[in-house]
Amino acid sequence: MYDEFDVLVVGAGHAGCEAALAAARMGMCTALLTINVDTVAQMSCNPAIGGIAKGQLVREIDAIGGEMAKVIDETGIQFRMLNTKKGPAVHSPRAQADKRAYQLSMKRRLENQSNLFLRQEMVNSLMVENNRVTGVIGQTRIKYKAKAVILTTGTFLKGVIHIGDFITSGGRIGELSSEKLSDSLREIGFDVRRLKTGTPPRLNGRTIDYEELTPQHGDKTPQPFSFSTESIFQPQVPCYVTYTNLNTHKIITSNLHRAPLYTGQIKSIGPRYCPSLEDKVVRFSGKDKHQIFLEPEGINTLEVYCNGISTSMPHDVQEEIVHSIKGLESAEIIRYGYAIEYDFVLPTQLKPSLETKLVENLFHAGQINGTSGYEEAAAQGIMAGINAVHKIQGKEPFILDRSEAYIGVLIDDLVTKGTLEPYRMFTSRAEYRLNLRHDNADRRLMKYGHCYGLISEQQWYKLMEKENEIAWILTHINRKMVGPDTLAKILSRPDKNFDHLLTLDTEICKKQISNEVKEQVEIEVKYKGYIERQQIQIEKFKRMEDCKIPSWIDYSNIVELRKEARQKLSQIRPVSLGQASRISGVSPADISILMVYLAGKIKK
């Protein structure tokens, strides 16, 4: 038996959902294959979307035409804007999700999408002919033929779960792992490695002493993630804050001989910026406490996620750890924490389009590329979906550069620098973060989503109205004088905001100006000098990016380059001089030599 499609997406996590929806909405007959249709868009770890830099990714996904922002707006139970005491470059939205509601909402959207077929199937191997993927073979022996395949396998490639000395295979606790697909990738010639991540215990909220804890409420006026969401209506709930203590740390240090991280049982590298509790206690031995956020998993459940105590310690040690923490002395564990090791494919084997260099029409997105986080996965997913369609249609790939989007930073980091530990996005990774704010993602990226048919005419018209209004106000306040100063000059003062202008100018006062427009105008005026300086930097960056490197260049023939540079350039195959300059092991002197070489080749 066989089925035939245009695009096949393997894995229905956050990357797979966005990839499949994008491909189907662009007119491709698309199949989404998953081991279990009951766990589509499952939140394997924390029940939240967004966060520092991650919130920017979600808004960018939405601006291109993705679904994550709309789903969290529908199912979020606490919305907060982070870093509000700092400048707008690092403001980041975050929302707690009703975990089950989020999952079901995304599944419903997949089921309702025309051109999209959701099917329960484990994929065992790829079908490849003449270095081009032609489909996949399922566990049920069905051959699924396709013009393009996108692998979004999450932690399911040879997943191994650790709780103390207990070891079992699984992509998540209680779920099957994919044991054969990564063997297929190795046989084809891909460099496949191992990574590790983990998750904390979940508690029964009925048994938590909340009176002893500090509540953390969301914003009084929740700000939606999606540019198409008018407001948030569902009830909001608090999280709670507590801390580990010296007794907690003593329990951990006295049981390190039973910890898989320290016995040699776990051999893979875990996330640097989200370490397990035992790792934090050892690495930061001078700290007498670590913060824990108790996050509700939904409105219709009492299950609570313990953000901050990810662990793979044995069951009895986890009980001791939990009961040593203030407010959790009598807490009942519903699910124990665990660590998971899984296969990933080194992302330097990808083109910037997320197509593999080794096999044509095969794309990778999400944790298979070494990333961590739902948002990083979804961002890759929508890009892979669009580029799979473009490849089938013979169009140029859709590539966002580092000056356009956090998505561009994410993908460029992966394909240029690679990663040997779970990659997480931070605002510090983006050189042009003042331009890449969460609030202007629609103004930066919606043109692409509209061009590819992922943004409706209604959404596009709304953006055009917004742009016209911003332009009119900026022109007006730069011309209108109040005493010796323009309105723009007055607005630029630290103690003034947009609403102050309403008391000074009747023309603006007559207009019904949205908070979004006020925010854009205020940021552009107050940060004008910084934005202009960053724009000059971006123009220099663009000149390097515009200097394309022909795919036929043989770096081994450029004898003036250092040996390491020749090796790295041959491995990565950069598409531009800019990308070449970001490769580890390629020096500024190597770039100068390459520039001279390219100039000579182009003249010839």
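In the block above lies the structure referred to throughout.
Counting of residues starts from 1 at the beginning of each chain's written sequence and follows it residue by residue. Per-residue local features are limited, in this predicted model, to residues with pLDDT of at least 70; the limit for side-chain atom pairs, both in listing and counting, is 80 or more; totals at the level of whole chains, interfaces and linings are taken over all residues. To obtain the side-chain values, all non-hydrogen atoms of the structure were included, while hydrogens and water were left out.

Engineer: Whenever I open this one, the overall build of the protein confuses me. Can you help?
Structural biologist: Put simply, DSSP H or I for four residues or longer makes a helix, DSSP E for two residues or longer makes a strand, and each gets a number counted from the N terminus. The number of helices and strands found in the protein is 21 helices and 22 strands. Taken over C-alpha atoms, the radius of gyration is set against a globule rule of 2.2 Å times the number of residues to the power 0.38. At 25 Å, the protein has a C-alpha radius of gyration in line with the 25 Å of a compact globule built from 604 residues. Along the first, second and third principal axes, the C-alpha atoms of the protein reach 75 × 70 × 50 Å. Between buried and exposed lies partly exposed: a residue is buried under 20% and exposed over 50% of the maximum accessible area for its type, with that area taken using a 1.4 Å probe on protein chains only. Buried residues in the protein amount to 57% of all 604 residues. Any two residues whose heavy atoms approach within 4.5 Å at even a single point are treated as in contact. Counting contacts in the protein only where the partners sit at least 6 residues apart, residues at least 24 apart contribute 73% of the total. Accessible areas in this description were obtained via Shrake-Rupley with a 1.4 Å probe; residue shielding takes into account the shown protein chains only. Carbon together with sulfur atoms contributes 51% to the accessible area of the protein, which is approximately 25900 Å² in total. Where the 78 positive side-chain charges of the protein centre and where its 72 negative ones centre are 4 Å apart. Under the counting rule used here, the positive set is Lys and Arg, the negative set is Asp and Glu, and His together with the chain ends is not counted. Positions of charges follow a simple convention, taking NZ of Lys, CZ of Arg, CG of Asp or CD of Glu.

Engineer: Explain the packing of aromatic side chains here, please?
Structural biologist: Centre-to-centre distance and the angle between the planes together describe a pair of aromatic rings. Each Phe, Tyr or Trp ring, with Trp reduced to its six-membered ring, pairs with another whose centre is within 6.5 Å; inter-plane angles below 30 degrees give stacked pairs, above 60 give edge-to-face pairs, and intermediate values give tilted ones. Across all of its chains, the model carries eight aromatic pairs by this definition. Each ring, one from Phe79 and one from Phe225, has its centre 6.4 Å from the other, and the planes form 50°; the classification is tilted. Taken together, the residues Phe79 in strand S4 (residues 76–82) and Phe225 in the loop between strand S14 (214–216) and strand S15 (239–243) connect sequence positions 146 residues apart. Ring geometry for Phe398 against Tyr452: centres 5.0 Å apart, planes inclined by 70°, an arrangement best described as edge-to-face. Residue Phe398 is located in the loop between helix H10 (374–393) and helix H11 (406–417), and its partner Tyr452 is located in the loop between helix H12 (441–451) and helix H13 (457–479); the two are separated by 54 residues in the primary sequence. We note that Phe398, like Tyr452, is buried. Grouped by ring-pair contacts, the aromatic residues Phe398, Tyr448 and Tyr452 constitute a single cluster. Over the aromatic face of Phe227 sits the side chain of Arg59, whose NZ or CZ is 4.0 Å from the ring centroid. In our convention, an over-ring charge means Lys NZ or Arg CZ found within 6 Å of a ring centre and within 35 degrees of that ring's normal.

Engineer: Mind showing me how you'd approach unusual backbone geometry here?
Structural biologist: Phi is mostly negative for residues that are not glycine, and the peptide bonds are mostly trans. With a phi close to 70°, Asn115 is a non-glycine residue in the positive phi region. Looking at the secondary structure, you find Asn115 in the loop between helix H4 (99–112) and strand S6 (116–120). Of the residues examined, Asn115 reaches a relative accessible area of 35% and is grouped as partly exposed. Positive phi outside glycine occurs at Arg141, with the angle close to 75°. Following the sequence through the fold, Arg141 ends up in the loop between strand S8 (132–138) and strand S9 (143–151).

Engineer: Can you help me understand helix H9 (residues 315–323) in this one?
Structural biologist: Three or four residues apart is the spacing at which side chains of an α-helix point the same way, because the helix has 3.6 residues per turn. Val317, Gln318, Ile321 and Val322 are the residues of H9 that are buried. Projected down its long axis, H9 shows its buried positions confined to an angular sector of 135°, all on one face. Those residues of H9 that are buried are in contact with strand S10 (160–163), strand S13 (202–204), helix H6 (246–253), helix H8 (277–283) and strand S18 (333–335). The arc in question is traced by the directions running from the helix axis to the C-beta atoms.

Engineer: Help me understand the packing of helix H2 (residues 54–64) against H12, please; the structure alone is not making it clear to me.
Structural biologist: Packed helices, taken two at a time, are described by their axes: the angle between them and the distance between them. Taken N-terminus to C-terminus, the directions of H2 and H12 make an angle of 40°; their axes are 7 Å apart at the nearest point. Crossing of H2 over H12 shows right-handed handedness. In this structure, H2 contributes Arg59, Glu60, Ala63 and Ile64 to the contact, and H12 contributes Ala441, Asp442, Arg444, Leu445, Met446 and Gly449. Structural elements are reduced to axes, namely lines fitted to C-alpha atoms, with helices fitted over the stretch in contact, and the angle between N-to-C directions of any two is expressed from 0 to 180 degrees. For any helix crossing, the convention is left-handed if the near helix is rotated counterclockwise from the far helix by under a right angle, and right-handed if that rotation is clockwise.

Engineer: Before we go on, may I ask you to explain the sheet that holds strand S5 (residues 92–97) in this structure?
Structural biologist: In a beta sheet, neighbouring strands pair by backbone hydrogen bonds and run either parallel or antiparallel. Strands qualify as paired when DSSP identifies two bridges or more between them. Ordered by their spatial adjacency, three strands build an open sheet running S3-S5-S4, and the pairing between neighbours is antiparallel. Edge positions in the open sheet fall to strand S3 (48–50) and S4, since each of these has one partner strand only. For this sheet, the mean angle separating the axes of adjacent strands, direction not counted, is 15°. In terms of strand pairing, S4 meets S5 through six bridges, oriented antiparallel.

Engineer: Looking at this structure, how should I read the pattern of salt bridges?
Structural biologist: Where charged atoms from two side chains of opposite charge approach closely, those side chains can pair. Take a side-chain nitrogen of Lys or Arg and a carboxyl oxygen of Asp or Glu: if they are within 4 Å of each other, that pair is a salt bridge. Under the counting rule described, the total for this entry stands at 48 salt bridges. In this structure, the salt-bridge partner of Arg402 is Glu431, at a minimum N-O distance of 2.9 Å. Of this pair, Arg402 sits in the loop between H10 and H11 while Glu431 sits in the loop between H11 and H12; the two residues are 29 residues apart in sequence, bridging distant segments of the chain. Taking relative accessible area as the criterion, Glu431 reaches 39% and is therefore assigned partly exposed. With a closest N to O distance of 3.0 Å, Asp439 and Arg437 form a salt bridge. For Arg437, a relative accessible area of 4% corresponds to the buried category. Several salt bridges converge on common partners, so that one network encompasses Arg402, Asp412, Asp413, Lys417, Glu431, Glu545 and Arg582.

Engineer: Looking at this structure, I do not really get the sheet that holds S18. What am I missing?
Structural biologist: Sheet architecture is open: six strands sit in the order S14-S15-S16-S17-S13-S18, paired in antiparallel fashion. The outermost strands of the open sheet, each flanked by one partner alone, are S14 and S18. Sheet twist, expressed as the average angle between the axes of neighbouring strands with direction ignored, equals 35°. Across three bridges, the pairing between S13 and strand S17 (residues 303–307) is antiparallel. What sits directly across from Arg202, in S17, is Tyr305.

Engineer: How do you make sense of the pairing of S15 when you look at a structure like this?
Structural biologist: Two faces, one strand: in a regular strand the side chains alternate between the faces of the sheet. With four of five residues buried, S15 is to be regarded as a mostly interior element. Pairing of S14 with S15, which is carried by three bridges, proceeds in the antiparallel orientation. In the sheet register, Pro215 faces S15, and the bridge partner there is Tyr240. Here four bridges tie S15 to strand S16 (residues 291–296), and the two strands are oriented antiparallel to one another. Its bridge partner lying in S16, Tyr240 is registered against Leu294.

Engineer: Explanation requested: H13 in the structure shown.
Structural biologist: Look at H13: 33 Å from first C-alpha to last across 23 residues, which is about the 33 Å you get at 1.5 Å a residue. Looking at H13, one finds that the buried residues are Gln459, Trp460, Leu463, Lys466, Ile470, Ile473, Leu474, His476 and Ile477. Take the number of residues in a helix, subtract one, and multiply by 1.5 Å to get its expected span.

Engineer: So what exactly am I meant to see when it comes to the nonpolar core here?
Structural biologist: Across soluble globular proteins, you tend to see nonpolar side chains buried next to one another. Grouped together as the largest cluster of nonpolar side chains are 77 residues, with contacts concentrated most on Ile64, Tyr102, Met383, Ile386, Leu400 and Ile407. Formed by 23 residues, the second largest nonpolar core is a distinct cluster that contains Ala31, Leu126, Ala146 and Leu181. Here, nonpolar core means buried Ala, Val, Leu, Ile, Met, Phe, Trp, Tyr and Cys residues that are tied together by side-chain atoms lying within 4.5 Å of each other.

Engineer: Would you take a moment to explain the environment of Ala565 for this structure?
Structural biologist: Checked against the element boundaries, Ala565 lands in helix H19 (residues 563–572). A relative accessible area of 0% places Ala565 in the buried class. Apart from the residues within four sequence positions on either side, Ala565 is in contact with Gly585, Val586 and Asp590.

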